[in-house]
Structures are given as structure tokens and as C-alpha cells.
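Residues per chain, in single letters:
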Amino acid sequence: MVGAQVVGRAFTRALREEINASKQAAAKAGGGQAGQQRAAINLKSGITLEEAMQILNVKDIDATKTVQEKYDHLFKVNEKKAGGSFYIQSKVVRAKERIDEELLQKNPTPSAEETLTPPTPPSSS
């Protein structure tokens, strides 16, 4: 009987800690509806906006030309044919996708200039 009480208390404590951690993560992501959306995007993409900015080495995601230039450069130098790493190249693609998703959330109807698409990977022939 005592063992069940100990397990019950430990479970309750762990649940409270998880709820507090979730609240803190939502607050850190911006709080409210925006925080929930950002947390959902982070979960879906598997990468946070901050990580994506670090990977592409950009300070401002609104500088779409700079983001695209950094993406193009990193994608090209990490091509397998150039002796690059497919793993790093895929991280670069995911980072670009995450930034694009954030821009889409900020501006739901982007103009043609602001819509950035990653280049098609070269065929393996």
C-alpha cells in the first residue's frame, strides 16, 4: 500500500513539472495564441526558429534576400558531388523551411517576391 502511494506522489510531481515546463515553453515562444502556433511549428518541423537562424547564420529573417543567399551558398557547398555532407545539407534545407514557415505565419499572403522555395536537389545520375 505504501509503495502505491509513493508511486502516485512521484507521478503527480512529474506531471506538475511537465505542465510547468509546457507553460514555460509556450511563454518563451511568445505566449498566447502566437506562442502556441510557434510551438506547433517547432514540433512539426523539428527545429526552432533560433536554431534555423543559427544554421543559416542570419540575424533577421525578414531580410529574405540574405536568407536566400545564405541558403543557396550552404546548399551548394554541402552537395555530395562537392565533397559535402548530405546530413548538413538536409539541416540547411530544414532551417530554410522553418524560416519560410515563420514568414508565412507573419504574413499569411506573401507576395511572389517573398515566397522563397528551396532549389530542387540534383538528380543522382
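Scroll up to find the structure.
Computed from a prediction, not measured in an experiment: that's the story for all the values here.

Student: I would appreciate a short explanation of a nonpolar patch on the surface in the present structure.
Tutor: A grouping of Phe11, Leu15 and Ile19 is seen on the molecular surface, where their side chains present a nonpolar patch of about 310 Å² in accessible area. Looking at the secondary structure, you find Leu15 in helix α1 (residues 2–28).

Student: Please clarify how the packing of aromatic side chains should be interpreted in this entry.
Tutor: What characterises a pair of aromatic rings is the spacing of the ring centres plus the angle enclosed by the ring planes. Counted by the stated rule, this structure contains 1 aromatic pair. On the basis of an interplanar angle of 35° and a centroid distance of 5.6 Å, the ring pair of Tyr71 and Phe75 is categorised as tilted. In this pair, Tyr71 and Phe75 both sit in helix α4 (residues 64–77), 4 residues apart, roughly one turn of the helix. Of the two residues, Tyr71 and Phe75, neither departs from the other in class, the shared state being buried. The ring of Tyr71 carries Lys96 above its face, with NZ or CZ at 5.9 Å from the centroid.

Student: I would appreciate a short explanation of the nonpolar core in the present structure.
Tutor: Nonpolar side chains in soluble globular proteins generally cluster together in the buried interior. Grouped together as the largest cluster of nonpolar side chains are 15 residues, with contacts concentrated most on Met53, Leu56, Val58, Ile61, Tyr71 and Ile99. When contributions to this core are tallied by element, the ones reaching two or more residues are α3 (49–56), α4 and α5 (86–106). Counting residues per element, this core draws most heavily on α5, which supplies 5 residues. Those residues in contact with Val58 that sit more than four places away from it in its chain are Met53, Thr66, Val67, Lys70 and Ile99.

Conventions adopted
- Residues numbered from 1 in each chain as written.
- Predicted model: local features only at pLDDT ≥ 70, side-chain atom pairs only at ≥ 80, totals over all residues.
- Heavy atoms only, no water.
- Patch = residues over 30% accessible without salt bridge, like charges linked within 9 Å, V, L, I, M, F, W, Y side chains within 5 Å.
- Areas by Shrake-Rupley, 256 points an atom, 1.4 Å probe, with all protein chains shown as cover.
- Salt bridge = Lys/Arg side-chain N within 4 Å of Asp/Glu carboxyl O.
- Helix = DSSP H or I, 4+ residues; strand = E, 2+ residues; numbered from the N terminus.
- Phe/Tyr/Trp six-rings, centres within 6.5 Å; stacked < 30°, edge-to-face > 60°.
- Buried < 20%, exposed > 50% of the residue type's maximum accessible area, 1.4 Å probe, protein only.
- Lys NZ or Arg CZ within 6 Å of the ring centre and 35° of its normal.
- Core = buried A, V, L, I, M, F, W, Y, C linked by side-chain atoms within 4.5 Å.
- Contact = heavy atoms within 4.5 Å.

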